[in-house]
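Structural characterization, general
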Amino acid sequence: MSILGTDQRPLRVAIVGAGPAGFYVAEVLFKHDLNIKVDMFEKLPAPFGLVRYGVAPDHEKIKNVIKIYEKTASHPQFSFFGHVNVGVDISVLELRRFYDATIFCYGAELDKHLGIEGEGLKGSHTATEFVGWYNGHPRFRDQVFDLQCEAAVVVGQGNVAMDVARILCSTADELSKTDICQHALDVLAKSRIKEVHVYGRRGPVQAAFTPLEIREMGQLSNAYPVVDPKDLELNQASLLELEGAADAVRKKNLEILRSFTNVPPNSSRRKFVLHFKRSPVQIIGKNQVEKVKFEINELTGEPHQQSVKGTGQFEDIECGVFFTSIGYAGVPMQGLPFSPKGIVPNDHGRILADGKAIQGSYVSGWIQHGASGVIGTNKIVAEETVGSLMKDLAQLAPCEAPSTEEVVKLLKSRSIELITFIDWKKIDAYEIMIGLRCGKPREKITRVSQMIFIARDP
Ligand code: FAD
Ligand code: NAP
């Protein structure tokens, strides 16, 4: 039997990343009848990953999941070390010296690009930049979005594209009651956008959004949905895709899209238009986005594996602002293997190098399986990863230096301004207090230096 996990020698686990994956991994670890010490490292001063910096401000209820993470953080064997960039401030090798196991849960931060001409033009953005900006991510705080044009184009038909479109269609009054950052609200309040066009390269049956999110687009106070009935005509393979019991979501989506074809125009509201079977081929403009050229596609292939084939027919749409929302990939971390799929290669959460498991190294969340799935999906994945660790426990070699004090000493010697969970709660309380003054759930602090200042303020 392993000595690790006993009162004489607690199992020491480092978790890298304080998003849903990291917190679920900690929660699942603490459910085991073992003595486990968990230290969580997060590169930002604030925990909760995309729950704080991704989830849309008007989806406040979803953020209630933070209460569960706070419960985990209150466990006596849990420590949070915010503002520590693993791979930069402390290496993967160093973590191995201090921990018996390290579980990497650092998400998938890289936004995918289309690789077409004009993507670098002024007015062309990724959803990551826009979402990060309105949600106060320090990296995107100073992005500039000019919304003084009449039409916006969004490419991609996942739920992130729906978030982007919904925020662009919402009124300042609606947004002002959310935790959207004031700098973003100021710009959105002056928006002159009248039309938001969302493009998918495949058909309505293949769209990645889910019924709740697409239905919401038909219930906005200041926008109405538009779908061309011709776009909802289906080929044989798409009809077959609707037949399986697992395809209920697609069927529901189609039903909602069909209901959008009957919505009467309303010139006093913004127009939310969905387009299908169109791939962007060029963003056109002198210095600034002026229009986007799309090729019209046909679907080809077997049901559930349909891809697109260009028809050689093209159409343009005029717009002043353009967003790509076509998914995310992980970034390589110094000291860890990396797969071209944008994840850390693994077998049930065990990190693999040249096909062999690296002793004591695990991965969970988006960096394990790719950027798909909702918050709760990460709980299922966490159970799998922790399950693998528990199976390996008897073979795990104890680390060389089992001491959190030593880790803290090392980081301090590197002048890292550590943010503990108590520090974070000070920042949290400050944000809530500032928010209350203007009727919002919170006003986020968007500068790392200011967060540290608040945390240090006696
Ligand atoms: P993340 O949430 O990205 O957490 C990773 C953490 O690791 C981050 O805090 C990051 O700062 C940290 N990190 C990165 N690199 C390092 C490093 N080198 N050192 C230390 N820390 C590091 N799901 C829903 O159910 N509902 C929604 O409404 C919803 N909205 C979404 C909106 C957007 C824009 C996006 C992109 C996703 C949304 N999702 C939503 C999906 C959900 O957010 C993800 O399933 C979930 O966040 C993935 O968890 P994760 O912990 O793997 O990654
Ligand atoms: P996603 O669901 O994978 O959607 C990506 C979209 O981009 C798809 O429509 C995809 O079309 C399209 N796309 C990819 N490459 C393209 C290209 N080269 N050209 C044109 N289109 C391209 O990704 P996401 O929207 O970023 O969401 C990530 C995950 O977070 C999802 O699981 C999502 O459900 C979740 N999320 C949930 C919520 C919520 O629950 N409210 C909110 C936000 C995000 P193809 O299918 O043709 O590839």
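Residues numbered from 1 in each chain as written. Chains lettered and ligands numbered in written order. Predicted model: local features only at pLDDT ≥ 70, side-chain atom pairs only at ≥ 80, totals over all residues. Heavy atoms only, no water.

Quick word on the pairing of strand E11 (residues 278–284)
Looking at chain direction, E11 and strand E12 (residues 291–300) are connected through six bridges and run antiparallel. Its bridge partner lying in E12, Ile-284 is registered against Lys-291. Between E11 and the antiparallel strand that follows it, E12, lie six residues. (Pairing = 2+ DSSP bridges. Helix = DSSP H or I, 4+ residues; strand = E, 2+ residues; numbered from the N terminus.)

Concerning the site of ligand 1
Ala-21, Glu-42, Leu-50, Trp-366 and Ile-375 are the nearest of the 33 residues found near ligand 1. With respect to ligand 1, the backbone of Pro-20 contributes an N or O atom lying 3.4 Å from an oxygen atom. Contact distances for ligand 1 include 2.9 Å between an oxygen atom and a backbone N or O atom of Trp-366. Coverage of ligand 1 by the protein chains reaches 92% of its 1,000 Å² of free accessible surface. Contributing elements (two or more residues each) for the shell around ligand 1: helix H1 (20–30), strand E2 (36–42), helix H2 (49–53) and helix H6 (159–169). Looking at side-chain class alone, the shell around ligand 1 contains 20 nonpolar, nine polar and four charged residues. Looking at which domains feed residues into the shell around ligand 1, each of domain 1 (11–109 + 329–419) and domain 2 (113–326) gives three or more. (Near = heavy atom within 4 Å. Polar contact = N/O pair within 3.5 Å; in protein donor to acceptor, adjacent residues only side chain to side chain. Areas by Shrake-Rupley, 256 points an atom, 1.4 Å probe, with all protein chains shown as cover. Nonpolar A, V, L, I, M, F, W, Y, C, P; charged D, E, K, R; others polar. Domains from an automatic or database assignment.)

Remarks on the sheet that holds strand E10 (residues 270–275)
Across the sheet, which stays open at both edges, the six strands sit in the order E6-E14-E7-E8-E10-E9 with parallel pairing between neighbours. At either margin of the open sheet sits one strand with a lone partner, and together these are strand E6 (124–126) and strand E9 (223–227). Sheet twist, expressed as the mean angle between neighbouring strand axes with direction ignored, is 20°. As paired strands, E6 and strand E14 (residues 321–324) are joined by three bridges and run parallel to one another. For His-125, the partnering residue across the bridge sits in E14 and is Phe-323. Against the sheet, helix H5 (residues 127–134) engages E6 and E14, with an angle of about 75° to E6. Along the sheet face, H6 touches strand E7 (151–155), strand E8 (195–199), E9, E10 and E14 and points at about 160° away from the line of E10. (Axes fitted to C-alpha atoms, helices over the stretch in contact; angles between N-to-C directions. Contact = heavy atoms within 4.5 Å.)

Some details on the pairing of strand E1 (residues 11–16)
Extensive coverage of E1 is indicated by the burial of six of its six residues. The side-chain alternation of E1 yields two buried faces, one formed by Leu-11, Val-13 and Ile-15 and the other by Arg-12, Ala-14 and Val-16. Where E1 and E2 come together, six bridges link them in parallel fashion. Residue pairing for E2: Ile-15 is matched across the bridge by Met-40. In this fold, E1 hands off to H1, which returns the chain to E2; that crossover is right-handed. Both E1 and strand E4 (residues 101–104) contribute to a ladder of four bridges, which runs parallel. The residue of E4 that forms the bridge with Ile-15 is Ile-103. (Buried < 20%, exposed > 50% of the residue type's maximum accessible area, 1.4 Å probe, protein only. Right-handed = clockwise from strand over helix to strand, strands pointing away.)

Description of the domain arrangement of the protein chain
Under the domain assignment, the protein chain is made up of domain 1 (11–109 + 329–419) and domain 2 (113–326). Taking the mean C-alpha position of each, domain 1 and domain 2 sit 33 Å from one another. Domain 1 puts 11 residues into the contact, and the matching count from domain 2 is 16 residues. Counting the surface lost from both domain 1 and domain 2, the interface buries some 1,100 Å², and carbon and sulfur atoms represent 51% of this. Inspection of the domain 1/domain 2 interface yields two salt bridges. Asp-58 is the salt-bridge partner of Arg-166, the closest N and O atoms lying 2.8 Å from each other. Between the two partners, domain 1 and domain 2, sit seven residue pairs in polar contact (both at pLDDT 80 or more). When its residues are assigned to classes, the side of domain 1 that touches domain 2 shows five nonpolar, two polar and four charged. (Buried area = accessible area lost by both parts, 1.4 Å probe. Salt bridge = Lys/Arg side-chain N within 4 Å of Asp/Glu carboxyl O.)

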